[in-house]
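# Structural overview for review
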Amino acid sequence: MDITPIFRSQVYENEWDRIVVFDQLCKSCGLCIVECPTECLYWSEDILGTYGTPVPECNIDDCISCKLCEVICPDAAIYYEKIKTKPKELRAKPKKKVESTL
C-alpha cells in the first residue's frame with residue numbers, strides 16, 4: 001500500500017532502507033532528532049512543517065535501522081521501512097550510547 005501521495009512527504013531511500021517524513025504531520029518537536037543514535041536526522045533548512053517550523057531530514061546512509069524515529073514520533077510523521085538487510089560490514093555504528101530501559 002503506497003501512502004506517500006496522501007500527505008506531502010520527503011522520501012529518503014537507499015538500497016536497504018526507506019524513511020518517509022510527512023512534513024504536514026510534523027510539529028517539529030525534535031524527539032526523533034534527539035533520540036537518533038547515529039545522528040542521521042537533522043533539521044531541514046528548506047522544508048517547513050505544520051507550524052511553519054523546520055522538519056527533520058535524513059542522511060539515510062547513516063541509518064542503522066533501529067526505527068527509534070518512527071516509534072518516538074508522537075504524530076506518526078515518520079515512517080521507516082526496511083527494504084533488505086544491510087550486510088554487517090556496511091552497518092553504521094551508533095554515535096550515541098544507547099541505554100536500555102528494561
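Look up: the structure comes first, before these words.
Because the structure is a prediction, the values reported are computed rather than measured.

Our next topic: the pattern of salt bridges. Per the counting criterion, the structure on display carries 6 salt bridges. In this structure, Asp-23 engages Arg-8 in a salt bridge whose closest nitrogen and oxygen atoms are separated by 3.0 Å. Taken together, the residues Asp-23 in the loop between β2 (17–21) and α1 (31–35) and Arg-8 in the segment before β1 (10–13) connect sequence positions 15 residues apart. Salt-bridge contacts for Lys-84 lead to Glu-15; the nearest nitrogen and oxygen are separated by 2.8 Å. Pair noted here: Lys-84 is in the segment after β5 (78–82) and Glu-15 is in the loop between β1 and β2, with a separation of 69 residues, a long-range link. A residue is classified by how much of its surface remains accessible, and Lys-84, at 40% relative accessible area, is partly exposed. Judged by its relative accessible area of 46%, Glu-15 is partly exposed. Within this structure, Glu-13, Arg-18 and Glu-81 form a network of salt bridges that share partners.

In this structure, Ile-19, Leu-41 and Cys-58 are the most contacted members of the largest nonpolar core, which totals 19 residues. Secondary structure elements with two or more residues in this core: β2, α1, β3 (41–48), β4 (54–58) and β5.

On to unusual backbone geometry, then. Of note in the backbone geometry, Ser-65 takes a positive phi value of approximately 65 degrees without being a glycine. Residue position: Ser-65 is located in the loop between β4 and α2 (68–72). Non-glycine residue Lys-67 carries a positive phi angle of around 70 degrees. Relative to the assigned elements, Lys-67 resides in the loop between β4 and α2.

As summarised here, the arrangement of the 3 strands in space is β1-β2-β5, forming an open sheet in which the pairing is antiparallel. At either margin of the open sheet sits one strand with a lone partner, and together these are β1 and β5. On average, each strand axis in the sheet is inclined to that of its neighbour by 15 degrees, with strand direction left out of account. Sheet topology places β1 next to β2; 4 bridges connect them, and they run antiparallel. Bridge pairing links Val-11 to Val-20 in β2.

Here is what the cut-offs are and how they apply
- Residues numbered from 1 in each chain as written.
- Predicted model: local features only at pLDDT ≥ 70, side-chain atom pairs only at ≥ 80, totals over all residues.
- Heavy atoms only, no water.
- Salt bridge = Lys/Arg side-chain N within 4 Å of Asp/Glu carboxyl O.
- Helix = DSSP H or I, 4+ residues; strand = E, 2+ residues; numbered from the N terminus.
- Buried < 20%, exposed > 50% of the residue type's maximum accessible area, 1.4 Å probe, protein only.
- Core = buried A, V, L, I, M, F, W, Y, C linked by side-chain atoms within 4.5 Å.
- Pairing = 2+ DSSP bridges.
- Axes fitted to C-alpha atoms, helices over the stretch in contact; angles between N-to-C directions.

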